[in-house]
Amino acid sequence: MFATLSRRSALMMAAASTLVAGVGPAAAQDKIKLRLSGVSSETDQRAVAILEKFAPAVADFADFEAHWNASLFAQGTELEAIASGDLEMSITSAQELATFFPEFSIFTAGYVHQDAAHQVAVFNDPLMEPFKQKVEDELGVKLLTVMYLGRRQVNLRMPKSERTVMTPADMAGVNLRMPGTDAWQFLGKALGANPTPMAFTEVYTALQTGAVDGQDNPLPTVVDAKFYEVTKQIVLTSHLVDLNYIALSKAAWDAMTPEQQATVQSAADAAAEFGRQNQLKKEEELVSFLQEKGLEIYEPDVAAFRSAVQSAYVTSDFAKDWPEGVLEKINALGS
Ligand code: KDO
């Protein structure tokens, strides 16, 4: 709690100084610098969408640079970098935002978002406005649009003959790598596992050496990061329909003309839509690819996972930070 508060206060100070020092509207000949730091490879569908749809659309007025594989900033440090003026863009997550604004944990809870369309409906609904406004006012970060990462599945090193997972009880003792924030660790525990925090860029080696028993990610990520080379089974828990937000420095936004802002917004929306459709297609296609690679893929008792995970969240401390009535509004936007 104290860590969260001090992290947030430091950031608010940094954001305030960036806003004060922020550049005014750019002179016609100056291009606005837009450096994006991403954790995924450049073949991940979100990266492909940024490179194919966002970058060309803003090329006239922005000097856009994308850095992948966490080569510019480590996973989880990007928002701080934007707030302090060292970076302009990232593909951030609700889990990262929840480290500053605990109410964002509502979007990190398992089995809350139902599918890609539900994520879009939630992001565009008025319920999202106070969340977006707070991030803008206190971190100096604009959340432009929502990107679809996909349905997270449990992916283990051991074969099914050694451990078959049908319910959360079958996850007991599984050392499951989760990304490194409290919200992710909680999800790992709610699944019945022993969660281990670890940066995405270390996961392949940890699976290879047995430092962890497994990891969770959507099928396209399992393929893109080649986790299938070092794991034996995938349990289709679909425990989190995972999302990211395209985050942009408010100072960079304020340096743009209204026309440029409109172009950036529509380029971000177009990239997100392109990435979403490609990722959905890949989620469908990749089951057979992974089976051909020798992985066993099966459905557990999803109802048992859903009820364990949902009850873990609603009785958790996280839920105390969820604004009144928002969960009900999110649910009402689903099918
Ligand atoms: C991961 O670390 O497992 C994760 O899937 C978490 C997401 O929030 C997202 O940051 C993603 O990694 C990276 O973009 C790499 O795909």
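Residues numbered from 1 in each chain as written. Predicted model: local features only at pLDDT ≥ 70, side-chain atom pairs only at ≥ 80, totals over all residues. Heavy atoms only, no water.

## Considerations on the overall build of the protein
Working step 1: Within the protein, the regular secondary structure consists of 14 helices and nine strands.
Working step 2: The C-alpha radius of gyration of the protein comes to 20 Å, within 12% of the 20 Å expected for a compact globule of 335 residues.
Working step 3: C-alpha extents for the protein along the principal axes are approximately 65 × 40 × 35 Å.
Working step 4: Split into buried and exposed, the 335 residues of the protein put 54% on the buried side.
Working step 5: Of all intrachain contacts in the protein linking residues separated by at least 6 positions in sequence, the fraction that spans at least 24 positions is 77%.
Working step 6: For the protein, the accessible surface area stands at approximately 13,800 Å², while carbon and sulfur atoms represent 53% of it.
Working step 7: Mean positive and mean negative side-chain charge positions of the protein (27 and 43 charges, respectively) differ by 3 Å. (Helix = DSSP H or I, 4+ residues; strand = E, 2+ residues; numbered from the N terminus. Rg over C-alpha atoms; globule rule 2.2 N^0.38 Å. Buried < 20%, exposed > 50% of the residue type's maximum accessible area, 1.4 Å probe, protein only. Contact = heavy atoms within 4.5 Å. Areas by Shrake-Rupley, 256 points an atom, 1.4 Å probe, with all protein chains shown as cover. Lys, Arg positive; Asp, Glu negative; His and termini not counted. Charge placed at Lys NZ, Arg CZ, Asp CG, Glu CD.)

## Remarks on the nonpolar core
Burial of nonpolar side chains together is a common tendency in soluble globular proteins.
Working step 1: Formed by 54 residues in total, the largest nonpolar core has its most connected members in F104, F107, L139, L143 and Y245.
Working step 2: In this structure, this core is formed jointly by two domains, domain 1 (2–149 + 242–278) and domain 2 (152–240 + 284–332), each of which donates at least three residues.
Working step 3: Non-local contacts of F104, meaning those with residues more than four positions away in its chain, are made with A94, L97, A98, M128, F131, V135, L143 and Y245.
Working step 4: Residues A47, I50, V58 and I246 belong to the second largest nonpolar core, which totals 27 residues. (Core = buried A, V, L, I, M, F, W, Y, C linked by side-chain atoms within 4.5 Å. Domains from an automatic or database assignment.)

## Quick word on the site of the ligand
Working step 1: Residues in close proximity to the ligand total 13 residues, the closest being R46, Q75, R152, R177 and N217.
Working step 2: Residue N217 places a side-chain N or O atom 2.7 Å away from an oxygen atom belonging to the ligand.
Working step 3: For the ligand, whose accessible area on its own is 370 Å², the fraction buried by protein is 98%.
Working step 4: Tallied by class, residues from the shell around the ligand come to five nonpolar, five polar and three charged.
Working step 5: Split by domain, the residues of the shell around the ligand number at least three in each of domain 1 (2–149 + 242–278) and domain 2 (152–240 + 284–332). (Near = heavy atom within 4 Å. Polar contact = N/O pair within 3.5 Å; in protein donor to acceptor, adjacent residues only side chain to side chain. Nonpolar A, V, L, I, M, F, W, Y, C, P; charged D, E, K, R; others polar.)

## Describing the environment of V230
Working step 1: Within the element layout of this structure, V230 appears in the loop between α9 (219–224) and β8 (233–249).
Working step 2: By relative accessible area, which is 15% here, V230 ends up buried.
Working step 3: Note: C-alpha distance between V230 and E138 (92 residues apart in sequence) is 42 Å.

## Details of the packing of aromatic side chains
Working step 1: Using the criterion set out here, one finds 12 aromatic pairs in the structure.
Working step 2: Summarising the aromatic geometry, the rings of F107 and F131 are spaced 4.9 Å apart at their centres and angled 65° between planes, so their arrangement reads as edge-to-face. Of this pair, F107 sits in the loop between α4 (94–98) and α5 (116–124) while F131 sits in helix α6 (residues 129–139), placing them 24 residues apart in sequence.
Working step 3: Residue class for F107 comes out buried when judged on its relative accessible area of 2%.
Working step 4: You can call F131 buried: its relative accessible area is 3%.
Working step 5: Through successive ring pairs, a cluster of aromatic residues spans F100, F101, F104, F107, F123, F131 and Y245.
Working step 6: Over the aromatic face of F123 sits the side chain of K132, whose NZ or CZ is 4.0 Å from the ring centroid.
Working step 7: One residue, K142, lies across the ring of W253, its end atom 4.5 Å from the ring centre. (Phe/Tyr/Trp six-rings, centres within 6.5 Å; stacked < 30°, edge-to-face > 60°. Lys NZ or Arg CZ within 6 Å of the ring centre and 35° of its normal.)

## Some points on the domain arrangement of the protein
Working step 1: When its domains are assigned, the protein resolves into domain 1 (2–149 + 242–278) and domain 2 (152–240 + 284–332).
Working step 2: Counting from both sides, the interface comprises 26 residues of domain 1 and, opposite them, 31 residues of domain 2.
Working step 3: Between domain 1 and domain 2 lies a buried interface of about 2,500 Å² when both sides are counted; carbon and sulfur atoms form 65% of it.
Working step 4: A per-residue breakdown of the area domain 1 buries against domain 2 is headed by I106, Y111 and D242, which together make up 30% of the total.
Working step 5: Where domain 1 packs against domain 2, one counts one salt bridge.
Working step 6: Note that D242 and R152 form a salt bridge whose closest N and O atoms lie 2.7 Å from each other. (Buried area = accessible area lost by both parts, 1.4 Å probe. Salt bridge = Lys/Arg side-chain N within 4 Å of Asp/Glu carboxyl O.)

## Details of helix α7 (residues 182–190)
Working step 1: Those residues of α7 lying buried are A183, W184, Q185, L187, G188 and A190.
Working step 2: Phi turns positive one or two residues past the end of α7, at G192, with a value near 100°.

## Some details on the packing of α7 against helix α12 (residues 302–314)
Working step 1: At a minimum axis separation of 9 Å, α7 and α12 run at an interaxial angle of 135°. Classed by the angle they form, the pair α7 and α12 counts as oblique. Relative to α12, α7 is oriented so that their crossing is right-handed. Seen from α7, the contacting residues are A183, F186, L187 and A190; seen from α12, they are A308, V309, A312 and Y313.
Working step 2: A class-by-class count of the residues in the contact of α7 with α12 yields eight nonpolar, no polar and no charged. (Axes fitted to C-alpha atoms, helices over the stretch in contact; angles between N-to-C directions. Parallel < 35°, antiparallel > 145°, perpendicular 65-115°, else oblique. Left-handed = near helix turned anticlockwise from the far one by under 90°.)

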